[in-house]
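Next come the chains, spelled out residue by residue.
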Amino acid sequence: TLILTGANAYTGTTNILGNGLTLQDGATLASTTINIGGGSLNFANNGLANNNVRVSAGALFNLSGGTIALTGANQASSAVTLGSTGNGVSLLQGANGFTVTPPSATTNNVASLTVTNLTRSIGAVASFAATGLGSMVTGNGQIFVANINGAAAANTNGILGGWAVAGATSAAAD
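The shown structure was predicted, so the numbers you read here are calculated from the model rather than taken from an experiment.

> Would you mind going over the confidence of the model for the protein in detail, with residue names and values included?
Low pLDDT marks regions whose predicted coordinates should not be analysed in detail. Of all residues in the protein, 94% have pLDDT values of 70 or greater, and the mean over the chain is 88. Mean pLDDT values over the elements of the protein span from 78, in strand E16 (residues 151–152), up to 97, in strand E6 (residues 33–37). With pLDDT under 50 throughout, residues 168–174 is counted as low confidence; its partners more than four residues away or in other chains account for 17 contacts.

> I'd like a description of the side chain of arginine 54, backed by residues and values.
With respect to the element layout, arginine 54 can be found in the loop between strand E7 (40–44) and strand E8 (60–64). Looking at arginine 54, its side chain comes within polar contact range of the main-chain oxygen of alanine 27, at 2.8 Å. In this view, arginine 54 contacts Leu23, Gln24, Asp25, Gly26, Ala27, Thr28, Leu29, Phe43, Ala44, Asn45 and Ala49; residues no more than four positions away in its chain are not counted.

> Just give me the short version of the packing of aromatic side chains, but keep the residues and values in it.
In the structure shown here, the tally under the stated rule is one aromatic pair. Pairing phenylalanine 98 with phenylalanine 128 gives two aromatic rings, centres 5.2 Å apart and planes at 10°, and the pair type is stacked. Separated by 30 residues along the polypeptide, phenylalanine 98 in strand E12 (residues 95–101) and phenylalanine 128 in strand E14 (residues 125–130) bring together distant segments of the chain. Here the two residues phenylalanine 98 and phenylalanine 128 agree in accessibility, since each one is buried.

Reading guide: rules and limits
- Every residue gets a number counted from 1 within its own chain, in the order that chain's sequence is written.
- Reporting in this predicted model follows two pLDDT cut-offs: at least 70 for local features of residues, and 80 or more for side-chain atom pairs to be given and counted; totals over whole chains, interfaces and linings ignore these cut-offs and use all residues.
- As a rule here, side-chain values cover all heavy atoms of the structure and leave hydrogens and water aside.
- As a per-residue quantity, pLDDT reports the predictor's confidence and falls between 0 and 100.
- Helix numbers and strand numbers start at the N terminus; a helix is a DSSP run of H or I with at least 4 residues, a strand a run of E with at least 2.
- Contacts between residues were defined by any pair of non-hydrogen atoms, one from each residue, lying within 4.5 Å.
- A 3.5 Å cut-off defines polar contacts: any pair of N or O atoms within that distance qualifies, except that in protein one atom must be a possible hydrogen donor and the other a possible acceptor, and neighbouring residues in sequence count only when both atoms are side-chain atoms.
- Between the rings of Phe, Tyr and Trp (Trp by its six-membered ring), a pair exists once the centres lie within 6.5 Å; its type follows the angle of the planes, with under 30 degrees stacked, over 60 edge-to-face, and the other angles tilted.
- Note on exposure labels: buried denotes an accessible area under 20% of the residue type's maximum, exposed denotes more than 50%, and partly exposed covers the range between, all computed with a 1.4 Å probe on protein chains only.

Written as structure tokens, this is what we have:
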């Protein structure tokens, strides 16, 4: 895993293939396209800085068996949003994951990851995992999906679809 701790002005496509890239302390990426294949992009807010804007609001994340992870800060709540003004996250193929590691419950803080738009290709699946996933109680993790394939996330009883599982590490393709 490569750990970056400072701002990176590189604006080309970032490819994370088969390993991990961790952004912590003052680390940011200027890339507008981030491809994650068999690897992970980790937002580590538990270091010297709780930076909730480590990537461009318009960045596109392409996952092909990749993971996006957020580790929350103890000194303040962490709230990371992916794709607030852009394409968001595309699940291209394989089993993909979203994980949130919240801060200690004694800090009275939470960690949340929001995907503004999640675009899913047929056969791609996703797992959403966090301690106390969905709970508003401090010390728990939250993952929100606002839109799926460009439309408001329609769900029945909180279920996104058979391609998405919560609190698990794998899912089955359709």
